[in-house]
Amino acid sequence: MKILKFGGTSVGTPQRIQNLAQIVQNEESSIVVLSAMAGTTNALVEITELLYKGDDKNALQKIEDLEQSYISRVNELYKSDKYLTKGLELINSHFVYIRNFVHKTFTQLQEKAVLAQGELISTAMFHYHLAENHIDSVLLPALNFMRIDKDGEPDSYYIQENLKREIGQHSQSKLFITQGYICRNTYGEVDNLHRGGSDYSASLIGVAISAEEVQIWTDIDGFHNNDPRFVENTHAISELSFDEAAELAYFGAKIMHPASVLPCKLSNIPVRLKNTLSPIDEGTLISTKLNRKRIKAVAAKDGITAVKIKSGRMLLAYGFLRKIFEVFEIYRTPIDMITTSEVAVSLTIDDTSKLKEIEAELEKFGIVEIDKNQSIICIVGDFISEASGSAKLVFEALEETPLRMISYGGSNHNISVLVDQKNKVEALKSLNKLFS
Ligand code: ADP
Ligand code: ASP
Ligand code: MG
């Protein structure tokens, strides 16, 4: 069985939904994981923000606008009166539900429930579309099997047991449809896997049923060697190893959710990135295979904060770094990059929600300097041997870019540099020379 995940743009219009029907029909047996239609989750986020503020008037207007956009899509997608009626009833029921939250105290619990509506609508619409075209499919409610534990981590045992039970109830069926992104938490409440989380859903589902392959279908022809949003002349890479893909996704390659690679790596399930707009394209295959190439790809992640702790006490002392790391551990803030000298340590964080507290604690150890608005640029390639000279090529390409930190040697396939966010695009463009 294969998992086919389609992102927001792939289900973004009635015509795209019709194209999906063609793609999924070619498979022998599969679970199709869908995101919400493009723009829906953003609109739902805006609605929840207005509801938190108690701005009911604007919330109602946004709800109305979103509902109208769905009514036009339904009118375009379904041909028969039967499915037009079913489609309109579906939309009405979800929007009655959303409107229920207006004029009331709005909590995080309700926010999650509102955010889940996008995926619930897109999957039901697709299911009806298949039914209207006499294609059998089973709609599997993700809320019956997808679950996170008290730390927000997927509950693999629960997912596997419950997904298998759900599938087992339809032993004759070959085509299943389910929602990406949404799940329940340890208290059984509706929750989600964070923005872009449908990719993560797909890999968790793939692992739970030991799928033959997980396919991520999107609006581009594969994993590109540089960020196509900022750099011209990028191209799809045909093969990447799990580690390379994980590194690039973590450091900003938006094509994949950063958490989605690891589960597939651990279960050795290949991941294929495919283009919905051009299904014949080969795409990118992510597997255990390591294709040795000097420099394969670059990616960048914005919104990084650098923290420097300068202290004479670090000189010849052991245990100093442990104390520093403990502060980040207490405040549950992951560190991405780290560099040290005898008198200072610099590190970077992405989540600044506890920065004030962290800074206050670190001041006990020395002088703390904070630089916000930084970007990590990650260069992935074969850096095993000095003889390959790859590092030299990277730094030559970046000779015009002021570098705040450099991380080299952490793994065999990655060099990361920290630059001011305003220099990021130029740096990515300069690095593109490495591929010509
Ligand atoms: P979906 O809605 O299908 O999940 P996303 O917008 O999350 O799609 O991801 C696809 C987009 O990721 C592409 O349109 C592209 O602009 C962006 N992107 C960023 N970096 C890369 C990269 N290295 N390779 C391919 N696409 C990338
Ligand atoms: N719909 C969700 C989002 O927009 C999840 C996803 O698309 O992966 O973030
Ligand atoms: Mg995405």
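Structural notes, computed from the coordinates. As the structure is a prediction and not an experimental result, all values here were calculated from the model.

Now for the overall build of the protein chain. Broken down by element type, the protein chain carries 14 helices and 16 strands. In terms of overall dimensions, the protein chain is globule-like: its C-alpha atoms have a radius of gyration of 24 Å, near the 22 Å expected for 436 residues. In the protein chain, which comprises 436 residues, the share counted as buried stands at 52%. Summarising the internal contacts of the protein chain: among those between residues at least 6 apart in sequence, 75% fall at separations of at least 24. Positive and negative side-chain charges of the protein chain, numbering 47 and 57 respectively, have mean locations separated by a distance of 1 Å.

What follows concerns the side chain of S30. For S30, the location among the structural elements is in strand 2 (residues 30–34). What S30 contacts, discounting residues up to four positions off in sequence, is M1, K2, L4, K174, L175 and F176.

In the vicinity of ligand 1 there are 16 residues, among which G8, T218, D219, H224 and K254 approach most closely. Between ligand 1 and the protein, one listed contact pairs an oxygen atom with a side-chain N or O atom of T218 at 2.7 Å. K254 places a polar side-chain atom, nitrogen or oxygen, 2.6 Å from an oxygen atom of ligand 1. Protein burial of ligand 1: of its 570 Å² of free accessible surface, 85% is covered by the chains.

This part is about the packing of aromatic side chains. Taken as a whole and assessed by the stated rule, the structure comprises 10 aromatic pairs. Measuring from centroid to centroid gives 6.1 Å for Y70 and F95, while their planes differ by 45 degrees, and the two rings are tilted. In this pair, Y70 sits in helix 3 (residues 56–77) while F95 sits in helix 4 (residues 81–99), placing the two residues 25 residues apart along the sequence. There is no split in this pair, since Y70 and F95 are both buried.

Let us look at the sheet that holds strand 2. What holds strands together in a sheet is hydrogen bonding between their backbones, with the strands either parallel or antiparallel. Ordered by their spatial adjacency, 8 strands build an open sheet running 3-4-2-1-7-9-10-8, and the pairing between neighbours is mixed. Each of the sheet's edge strands pairs with one partner strand only, and the pair in question is strand 3 (138–140) and strand 8 (239–241). Between one strand axis and the next, the sheet turns through 20 degrees on average, direction left out of account. Where strand 2 lies against strand 4 (residues 175–179), 5 bridges are found, and the strand directions are parallel. Bridge pairing in strand 4 links V33 to T178. With respect to the sheet, helix 1 (residues 14–25) is in contact with strand 1 (2–6), strand 2, strand 4 and strand 7 (213–218), its orientation differing from that of strand 1 by roughly 165 degrees. Helix 9 (residues 242–250) rests against strand 8, strand 9 (271–275) and strand 10 (284–287) of the sheet, and its axis sits at about 90 degrees to strand 8.

The next point concerns the site of ligand 2. Every residue close to ligand 2 is listed here: S35, A36, T41, E119, Y181, R195, G196, G197 and S198. One nitrogen or oxygen atom from the side chain of S35 is found 3.2 Å from an oxygen atom belonging to ligand 2. R195 is positioned with one of its side-chain polar atoms (N or O) 2.7 Å from an oxygen atom of ligand 2. Out of a free accessible area of 260 Å², ligand 2 has 86% covered by protein chains. Considering only residue class, the shell around ligand 2 consists of 2 nonpolar, 5 polar and 2 charged.

Attention shifts here to the pattern of salt bridges. Side chains that carry opposite charge are capable of pairing whenever their charged atoms lie near each other. Considering all chains together, one arrives at 23 salt bridges under this definition. Linking K150 and D151 is a salt bridge whose minimum nitrogen-to-oxygen distance equals 3.9 Å. A relative accessible area of 67% means that K150 is categorised as exposed. Classification of D151 as partly exposed rests on a relative accessible area of 46%. Linking K301 and D350 is a salt bridge whose minimum nitrogen-to-oxygen distance equals 3.5 Å. In this pair, K301 sits in strand 11 (residues 295–310) while D350 sits in the loop between strand 13 (344–349) and helix 12 (355–362), placing the two residues 49 residues apart along the sequence. A residue is classified by how much of its surface remains accessible, and D350, at 36% relative accessible area, is partly exposed. Each of E64, E67 and R99 takes part in a single network of salt bridges with overlapping partners.

We now examine the packing of helix 3 against helix 6 (residues 117–132). Close contact between helix 3 and helix 6 brings their axes to 11 Å; oriented N to C, the two are set at 15 degrees. In terms of axis orientation, helix 3 runs roughly parallel to helix 6. Read as a crossing pair, helix 3 and helix 6 show a hand that is right-handed. Two secondary-structure elements touch here, helix 3 through Y70, R73, V74 and L77 and helix 6 through I121, M125, H129 and E132. Broken down by class, the residue content of the contact of helix 3 with helix 6 amounts to 5 nonpolar, 1 polar and 2 charged.

Let us look at the sheet that holds strand 16 (residues 414–420). Strand order in the open sheet formed by 6 strands is 12-13-11-14-16-15, and the pairing between neighbours is antiparallel. Every other strand in the sheet has two partners, leaving strand 12 (335–340) and strand 15 (405–408) as the edge strands with one partner each. The mean angle between the axes of side-by-side strands here comes to 25 degrees, regardless of whether they run parallel or antiparallel. Bridge analysis of strand 14 (residues 367–381) against strand 16 gives 7 bridges, and the strand direction is antiparallel. Looking across to strand 16, one finds that V380 is bridged to N414. Packed on one face of the sheet, helix 11 (residues 320–330) meets strand 11, strand 12 and strand 13 and runs near 25 degrees to strand 13.

Taken residue by residue, helix 12 has L355, I358, E359 and L362 as its buried positions. Relative to the axis of helix 12, the buried residues are bounded by an arc of 100 degrees and lie together on one face. Residues of helix 12 that are buried sit in contact with strand 11, helix 11, strand 13 and strand 14.

Parameters and conventions
- Numbers given to residues run from 1 along each chain, matching the order in which its sequence is written.
- Chain letters start at A and ligand numbers start at 1, both assigned in the order the entries are written.
- Reporting of local features is limited, given that this is a predicted model, to residues whose pLDDT is at least 70; pairs of side-chain atoms are given and counted only at 80 or more, and all residues count toward the totals for whole chains, interfaces and linings.
- By convention in this description, side-chain values take in all heavy atoms of the structure and omit both hydrogens and water.
- Helical segments are the DSSP runs of H or I of at least four residues, strand segments are the runs of E of at least two, and each set is numbered from the N terminus.
- With C-alpha atoms as the basis for the radius of gyration, the globule rule is written as 2.2 Å multiplied by the number of residues raised to the power 0.38.
- A simple rule labels every residue: compare its accessible area, found with a 1.4 Å probe on the protein chains alone, to the largest value its type can have, and call it buried under 20%, exposed over 50%, or partly exposed in between.
- Only heavy atoms enter the contact rule, under which two residues are in contact if any of them lie within 4.5 Å.
- Charge convention: Lys and Arg are scored as positive, Asp and Glu as negative, and His as well as the terminal groups of each chain are ignored.
- Think of each charge as sitting on NZ of Lys, CZ of Arg, CG of Asp or CD of Glu.
- By convention in this text, a residue qualifies as near a molecule or strand provided that one of its non-hydrogen atoms is within 4 Å of it.
- Identification of polar contacts relies on pairs of N or O atoms within 3.5 Å, with a donor-acceptor requirement for protein atoms, meaning one able to donate a hydrogen and the other able to accept it, and with residues adjacent in sequence counted only if both atoms are side-chain atoms.
- Accessible areas in this description were obtained via Shrake-Rupley with a 1.4 Å probe; residue shielding takes into account the shown protein chains only.
- When two rings of Phe, Tyr or Trp (its six-membered ring) have centres within 6.5 Å they constitute a pair, described as stacked for plane angles under 30 degrees, edge-to-face for angles over 60, and tilted for the intermediate range.
- Between any two strands, at least two bridges found by DSSP are needed for them to pair.
- Simply put, an axis is a line fit to the C-alpha atoms, just over the touching stretch for a helix, and the angle between two N-to-C directions goes from 0 to 180 degrees.
- Note on residue classes: Ala, Val, Leu, Ile, Met, Phe, Trp, Tyr, Cys and Pro are nonpolar, Asp, Glu, Lys and Arg are charged, and everything else, Gly too, is polar.
- One side-chain nitrogen of Lys or Arg within 4 Å of one carboxyl oxygen of Asp or Glu is enough to make a salt bridge.
- Roughly parallel covers angles under 35 degrees, roughly antiparallel covers those over 145, roughly perpendicular covers 65 to 115, and oblique covers all other angles.
- Here a crossing is taken to be left-handed if its near helix is turned anticlockwise relative to the far helix by less than a right angle, and right-handed if that turn runs clockwise.
- Arc definition: directions from the helix axis to the C-beta atoms.

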